[in-house]
Amino acid sequence: TTHYTTSSHHPPISLLPHERKAQNITSMKQSNSSSTALAVSASAAVAATAALLYTRRQFKKQEAIISKLEETRQAERKGRIRAEMKLRTHLKSQEINKAADTVDQGEISTNEHNDLQLQCIGKIVSPYTKRMGTPRQGALVPTGKGYIQLEIPIECVEGLELYSHAWVLF
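The paragraphs below set out a description of the structure included in this document.

Thresholds applied
Residues numbered from 1 in each chain as written. Predicted model: local features only at pLDDT ≥ 70, side-chain atom pairs only at ≥ 80, totals over all residues. Heavy atoms only, no water. Salt bridge = Lys/Arg side-chain N within 4 Å of Asp/Glu carboxyl O. Helix = DSSP H or I, 4+ residues; strand = E, 2+ residues; numbered from the N terminus. Buried < 20%, exposed > 50% of the residue type's maximum accessible area, 1.4 Å probe, protein only. Patch = residues over 30% accessible without salt bridge, like charges linked within 9 Å, V, L, I, M, F, W, Y side chains within 5 Å. Areas by Shrake-Rupley, 256 points an atom, 1.4 Å probe, with all protein chains shown as cover. 1 Å grid on protein atoms, 1.4 Å probe; cavity = no way out; pocket = protein on both sides within 12 Å on 5 of 7 lines; lining within 4 Å. Points joined across faces, edges and corners; volume = space filled by probe spheres on them. Nonpolar A, V, L, I, M, F, W, Y, C, P; charged D, E, K, R; others polar.

## Details of the pattern of salt bridges
Consideration 1: Following the criterion strictly, the structure yields two salt bridges and no others.
Consideration 2: Residue Glu84 pairs with Arg131 through a salt bridge whose shortest N-O separation is 3.0 Å. Here Glu84, found in helix 1 (residues 17-104), pairs with Arg131, found in the loop between strand 1 (122-125) and strand 2 (147-150); they are 47 residues apart in sequence, far enough to count as distant.
Consideration 3: Its relative accessible area of 23% is what places Glu84 among the partly exposed residues.
Consideration 4: Its salt-bridge partner being Glu84, residue Arg136 comes within 2.4 Å of it at the nearest N-O pair. Placement of Arg136 in the loop between strand 1 and strand 2 and of Glu84 in helix 1 is noted, with a sequence separation of 52 residues between them.
Consideration 5: Residues joined by salt bridges that share partners form a network here, namely Glu84, Arg131 and Arg136.

This is the structure we're talking about:
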């Protein structure tokens, strides 16, 4: 008895030569199209990987530039603050020296005629608690707005809106 591996009990049919040739051409076309698809997908993967690596490299360059700019800004800011502190100290020492020279010459000034009494009329409400860190150009930082809370009668500032600027001493 002969056993067949097909589900039917008929013996396998052999193909004629021209049918075998057509089958070979069809399998070659399928093989070529699958290898073409494989080549296209491989080249797409390579292109995507190259684009990703390029983007990462550009991102790292931009991060380095931003980091360098932040460091420069911090250094300039520290330098400016230190220079302002030195200037203030120098001016204060000059005033002290000038006052000491005046006392040494016997010209003690009493400032009785030059007294000026200042009184607080309100409070400044601001997101900044210290002078350091406060932007020099407030218009460039819209989130850093503050206001003056006046503690005087409204009649005292009547007509203030007619002026373009008001100097605030604090």
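That was the structure; now back to the text.
## A closer look at a nonpolar patch on the surface
Consideration 1: Taken together, the side chains of Ile121, Ile124, Ile148, Leu150 and Val168 present a nonpolar region at the surface, about 410 Å² in accessible area.
Consideration 2: Of the residues examined, Leu150 reaches a relative accessible area of 39% and is grouped as partly exposed.

## Remarks on the environment of Lys145
Consideration 1: Following the sequence through the fold, Lys145 ends up in the loop between strand 1 and strand 2.
Consideration 2: Measuring from C-alpha to C-alpha, the distance between Lys145 and Ser126 comes to 6.6 Å, with 19 residues separating the pair along the chain.

## Here we look at the layout of surface pockets
Consideration 1: Space inside the second largest pocket adds up to approximately 420 Å³.
Consideration 2: Ile121, Ile148, Leu150, Val168 and Leu169 are the residues nearest the centre of the second largest pocket, which is lined by 16 residues in total.
Consideration 3: Of all the secondary structure elements, the ones that give two or more residues to the lining of the second largest pocket are strand 1 and strand 2.
Consideration 4: If you tally residues by element for the lining of the second largest pocket, the top one is strand 1, at three residues.
Consideration 5: Residues that form the lining of the second largest pocket fall into these classes: 13 nonpolar, two polar and one charged.

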